[in-house]
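Take a look at the letters that make up each chain.
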Amino acid sequence: MEAEHVRDVETGPSINLLDTDGESLVWAEEDFVTLSLIQVLPRPGSTHPLRLYSHCLRQAPLTAVCVGSGRLGSSDPRPQDFGLQPVVVAANKYAVVVWRVRELHAAMSRGEPLPEGMPALTGMGPVDALALSSSHGASNVNMLAICAGTCVHVVELLTLKHVYRLEGHAAPVTCAAFCEPHAPHWLVTAGEDRCVIVWDLKEGSLVYQSPILTASALTSIAVDPSYLRVAVGAADGVLRFFDLAAAPACRCLQVLDLAKQLQRAVDQSAAANAAAAAATASGPKVVRAQPAWKQQFQEQDDLLQEAGTNSESQEDTAPFFSAAVLRLYYSPLRTALPDGDTGLLAEAPRLLAGSMRALAVLDSSSYAMLQSHFFRSGGLPSPHV
């Protein structure tokens with residue numbers, strides 16, 4: 001996002017659910033019932049967030065939100081096609097509701113009450129995650145995946161028809177993503193059973209099911225826009241990258257311990273701050289006869305001790321942030337080549353990995369951490385690059 005597009009938005013004291021597609025931002029605040037929407041990119045009119053409402057969502061707190069593009073129709077036998085447009089989806093344990101963003105802004109500009117959302121599905125139980133596809137094969141049919149318990153319900157947006165009930169997970173499903181733009185009819189799901197499953201919604205079949213991958217629940221999925229590869233995050237802070245190009249012979253390409261890399265960035269930042277403080281302090285300069293590789297660790301230990309951080313306090317403050325990967329997001333492809341041909345000159349997309357206390361930016365080709373930004377609420381250091 002360009003710097004001129006950044007702006008402050010007044011919200012409540014706490015945001016519990018958040019999602020964006022790069023153009024719109026939707027969130028649920030502390031009461032878990034009010035849903036707010038704002039256009040991220042500049043547009044005419046007010047920049048105040050829209051407060052969305054649905055009678056179906058009044059009885060219980062919201063548990064999942066999603067924003068994207070879709071051809072949202074209705075449940076009529078011959079629904080009207082309103083074209084591809086931004087839509088917002090919200091869910092609790094009683095219902096899943098969908099809004100057309102254009103209708104919301106049109107009503108706001110006319111000074112009319114905002115329209116209620118349309119129920120897409122009811123009676124499915126608590127919803128832990130939502131996923132929206134922009135297209136579904138040559139027919140350009142949008143699908144909405146609803147993760148409720150151990151099942152995944154798939155709804156066709158144009159007709160609001162409940163087309164699939166996917167059963168295969170042994171524990172609640174916590175995340176899902178469509179393999180767009182490579183195979184938009186493939187849906188990847190993962191959850192507390194620590195397994196990854198790939199479904200083919202065109203054939204109505206199972207493509208791949210992984211063994212148990214880790215001792216921690218899987219929490220987030222993102223699809224690489226440059227290659228048929230998915231990144232899967234877990235509650236222990238570990239990322240796994242899977243190659244789906246040769247499915248059903250899928251393989252794990254890389255395992256990356258993001259929690260350790262972030263902790264290393266915290267330690268380096270603390271050592272740098274201590275070094276800056278020591279440089280301004282008076283005292284004799286220490287010259288050591290140790291090898292350079294050994295001096296580096298010795299100097300870091302000395303600087304941390306001078307800053308008042310002994311070994312016991314380091315153990316107490318080791319978990320600077322929650323290790324769980326809450327959200328994964330690949331940046332869009334950027335290329336100057338025509339007709340969407342990425343070729344060899346396209347810039348590799350970045351992978352953004354978010355946790356409770358930090359945001360990491362990774363290079364999708366080398367898996368190296370390019371930047372780490374630490375949130376200051378817990379007394380954390382400044383952003384480290």
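Look above for the structure.
Parameters and conventions
Residues numbered from 1 in each chain as written. Predicted model: local features only at pLDDT ≥ 70, side-chain atom pairs only at ≥ 80, totals over all residues. Heavy atoms only, no water. Buried < 20%, exposed > 50% of the residue type's maximum accessible area, 1.4 Å probe, protein only. Helix = DSSP H or I, 4+ residues; strand = E, 2+ residues; numbered from the N terminus. Pairing = 2+ DSSP bridges. Core = buried A, V, L, I, M, F, W, Y, C linked by side-chain atoms within 4.5 Å. Axes fitted to C-alpha atoms, helices over the stretch in contact; angles between N-to-C directions. Arc of directions from axis to C-beta.

Topic: the pairing of strand β6 (residues 85-91)
Within β6, seven of the seven residues are buried, which leaves it mostly tucked inside the rest of the structure. Of the strand pairs in this sheet, strand β5 (residues 64-70) and β6 are connected by seven bridges, and their pairing is antiparallel. Among the inter-strand pairings, G70 is bridged to a residue of β6, identified as Q85. As judged from the five bridges shared by β6 and strand β7 (residues 95-100), these two strands associate in the antiparallel manner. Bridge pairing in β7 places V89 opposite V98. The loop that links β6 with its antiparallel partner β7 comprises three residues.

Side note on the nonpolar core
Grouped together as the largest cluster of nonpolar side chains are 21 residues, with contacts concentrated most on W186, V188 and L244. Within the residue set of this core, elements represented by two or more residues are β13 (173-179), β14 (183-191), β15 (196-200), β16 (205-209), β17 (218-223) and β18 (229-234). Tallying contributions element by element places β14 first for this core, with four residues. Grouped together as the second largest cluster of nonpolar side chains are 20 residues, V98, V127, I146 and V155 included.

Observations concerning the sheet that holds β15
A sheet is described by the order of its strands in space; here four strands give the open sequence β13-β14-β15-β16, paired in antiparallel fashion. Two strands in the sheet have a free side with no partner beyond their single neighbour: β13 and β16. The sheet shows a mean angle of 25 degrees between the axes of neighbouring strands, direction not considered. Relative to β14, β13 runs antiparallel, the two sharing six bridges. Following the sheet pairing, F178 is matched in β14 by L187.

Digging into helix α1 (residues 101-109)
An α-helix turns once per 3.6 residues; consequently, residues spaced three or four apart project the same way. V101, L104, H105 and A107 are the residues of α1 that are buried. Summarising the axial view, the buried residues of α1 lie within an arc of 160 degrees, below the 170-degree limit, and thus occupy one face. A positive backbone phi angle near 75 degrees is found at G111, which sits one or two residues after α1.

Note that all results are geometric; they support no functional claim without further evidence.
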